[in-house]
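Structure at a glance
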Amino acid sequence: NVGFTCEATANSVMGTATVNFSVKPQQPTITATGMPITASGGTGTLTCATASSGTTTYKWFQGSTEVSGQAGAELVRTYGSNPSGEYTCKATINTVESDASAATTVATHVAISPASPSGVDAATVTMTCSADATTATYVWKKGSTAITGATAAEY
């Protein structure tokens, strides 16, 4: 909070008026560590920070949805928790909320098994694509060309 006082004197009598402003926290920034999460049981951390001082709480958003139960500067995501997407955060100091941070994108981890199919018949091998997402869609490509009708996890 920033307070301003004005004193005025007329006919040897002084009067004062004071106004207090709550200063909006500076727009926070996000840093990502360990993203995308590449292994079962792995974790990654997003950290929200503002240059403003004071007791700070944070709100985290995945897309436009607030991440419930998260008021700290760090947001830890685990493999299998659908961590991919765009994240923003807001900082609150003395009940005044900042503008949202710039969005940070967390990529989806994708793996193919078998990982190294050597010595197999390419015409008969079955490959499975897995993604750390609950609502993944799939497109298989040969080189850079999409394979017609190959839109399932298995090919």
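Just so we're clear, the structure is a prediction, and the values are computed from it rather than from any experiment.

Cut-off values and rules
- Residues numbered from 1 in each chain as written.
- Predicted model: local features only at pLDDT ≥ 70, side-chain atom pairs only at ≥ 80, totals over all residues.
- Heavy atoms only, no water.
- Buried < 20%, exposed > 50% of the residue type's maximum accessible area, 1.4 Å probe, protein only.
- Helix = DSSP H or I, 4+ residues; strand = E, 2+ residues; numbered from the N terminus.
- Pairing = 2+ DSSP bridges.
- pLDDT = per-residue confidence, 0-100.
- Core = buried A, V, L, I, M, F, W, Y, C linked by side-chain atoms within 4.5 Å.
- Contact = heavy atoms within 4.5 Å.
- Polar contact = N/O pair within 3.5 Å; in protein donor to acceptor, adjacent residues only side chain to side chain.
- Disulfide = S-S within 2.5 Å.

Side chains Cys129 and Ala131 of strand 12 (residues 128–131) all project onto a buried face; the interleaved residues Thr128 and Ser130 project onto a face where none is buried. Of the strand pairs in this sheet, strand 11 (residues 110–113) and strand 12 are connected by four bridges, and their pairing is antiparallel. Looking across to strand 12, one finds that Ser113 is bridged to Thr128.

This paragraph deals with the confidence of the model for the protein. The share of residues in the protein with pLDDT of 70 or more is 97%, and the mean pLDDT across the chain is 85. Least confident of the elements in the protein is strand 11, whose mean pLDDT is 83; most confident is strand 5 (residues 56–62), at 93.

Ile30, Leu46, Cys48, Tyr58, Trp60, Val67, Leu75, Tyr87, Cys89, Ala91 and Val106 form the largest nonpolar core, which has eleven residues in total. Of all elements in the fold, only strand 4 (43–49), strand 5 and strand 8 (85–93) reach the threshold of two or more residues within this core. Here the element with the most residues in this core is strand 8; it accounts for three residues. If we skip the residues at most four places from it in the chain, Leu75 touches Gly44, Thr45, Leu46, Trp60, Val67, Gln70 and Tyr87. Formed by six residues, the second largest nonpolar core is a distinct cluster that contains Ala131, Tyr138, Trp140 and Ala150.

This part takes up the side chain of Ser52. Tracing the sequence through the fold places Ser52 in the loop between strand 4 and strand 5. Polar contacts involving the side chain of Ser52 include one to the main-chain amide nitrogen of Gln26, which spans 2.6 Å.

The next point concerns the state of the cysteines. Here the structure, examined in full by the defined rule, presents one disulfide. The disulfide partner of Cys48 is Cys89, and the S-S distance across this bridge is 2.0 Å. Negative torsions about the S-S bond denote left-handed disulfides, and the value of about 80° found for Cys48 with Cys89 makes this one right-handed. With Cys48 in strand 4 and Cys89 in strand 8, the pair connects residues that are 41 residues apart, well separated along the chain. Accessibility expressed as a relative area gives 2% for Cys48, which makes it buried.

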